[in-house]
Amino acid sequence: QVQLVESGGGLVQPGGSLRLSCAASGFTFSSYAMTWYRQAPGKARELVAGITGAGGRTNYADSVKGRFTISRDKAKSTVYLQMNSLKPEDTAVYYCNEPRSGSWGQGTQVTVSS
């Protein structure tokens, strides 16, 4: 079955950077789109970024455009989220998602605070 395992979260100061990783298994990774979502305390889960199977197209929430970059490595079956210029409002649990199967990872906490 599909398994998604996120890593790379942590505590970072405003203006800092983090790179999240999502290791995928159980399906043909290069064939399917992948997405990152986040959920802040008391708020609904929201789409942060998405990338097509071949990696040729990406999309971003307006709130992260120009600061976050989604990418994927076919050889490692891993999708990444590079987060730069982090703000306190980026604090959330970040989840990896495979839309076709509806599978989710366990989430990784990102906290932006001084």
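For the structure itself, look to the data block above.
Here we summarise the structure given alongside this text.

What counts and how
Residues numbered from 1 in each chain as written. Predicted model: local features only at pLDDT ≥ 70, side-chain atom pairs only at ≥ 80, totals over all residues. Heavy atoms only, no water. Pairing = 2+ DSSP bridges. Helix = DSSP H or I, 4+ residues; strand = E, 2+ residues; numbered from the N terminus. Axes fitted to C-alpha atoms, helices over the stretch in contact; angles between N-to-C directions. Core = buried A, V, L, I, M, F, W, Y, C linked by side-chain atoms within 4.5 Å. Buried < 20%, exposed > 50% of the residue type's maximum accessible area, 1.4 Å probe, protein only. Contact = heavy atoms within 4.5 Å. Salt bridge = Lys/Arg side-chain N within 4 Å of Asp/Glu carboxyl O.

1. Comments concerning the sheet that holds strand β3 (residues 18-25)
Taken in spatial order, the four strands make up an open sheet running β1-β3-β8-β7, and their pairing is antiparallel. What marks the edges here is a single partner per strand, and that holds for β1 (3-7) and β7 (68-73). Looking at each pair of strands side by side, their axes are set apart by 15° on average, direction ignored. In this sheet, β3 lies alongside β1 in antiparallel orientation, the contact comprising five bridges. Considered in β3, the bridge of S7 is made with S21.

2. A few points about the nonpolar core
Among soluble globular proteins, nonpolar side chains are generally buried collectively. In this structure, M34, W36, V79, L81, M83 and Y94 are the most contacted members of the largest nonpolar core, which totals 28 residues. Among the elements of the structure, β3, β4 (34-39), β5 (46-51), β7, β8 (78-83), β9 (92-98) and β11 (108-112) are those that each provide at least two residues to this core. The greatest single-element share of this core, amounting to four residues, is contributed by β3. Once residues lying within four places of it in the same chain are set aside, the contact partners of L81 are L18, R19, L20, W36, V48, A49, F68, T69, I70 and Y94.

3. As for the pattern of salt bridges
Summed over all chains, the structure comprises five salt bridges. As a salt-bridge pair, R38 and D90 come within 2.9 Å of each other at their nearest N and O atoms. Residue R38 is found in strand β4, and its partner D90 is found in the loop between β8 and β9; the two are separated by 52 residues along the sequence. Assigned by exposure class, R38 and D90 land together as buried. Among the ionic pairs, R67 bridges to D90, the shortest N-O distance being 2.7 Å. Here R67 is found in the loop between β6 (58-60) and β7, whereas its partner D90 is found in the loop between β8 and β9, with 23 residues between them in sequence.

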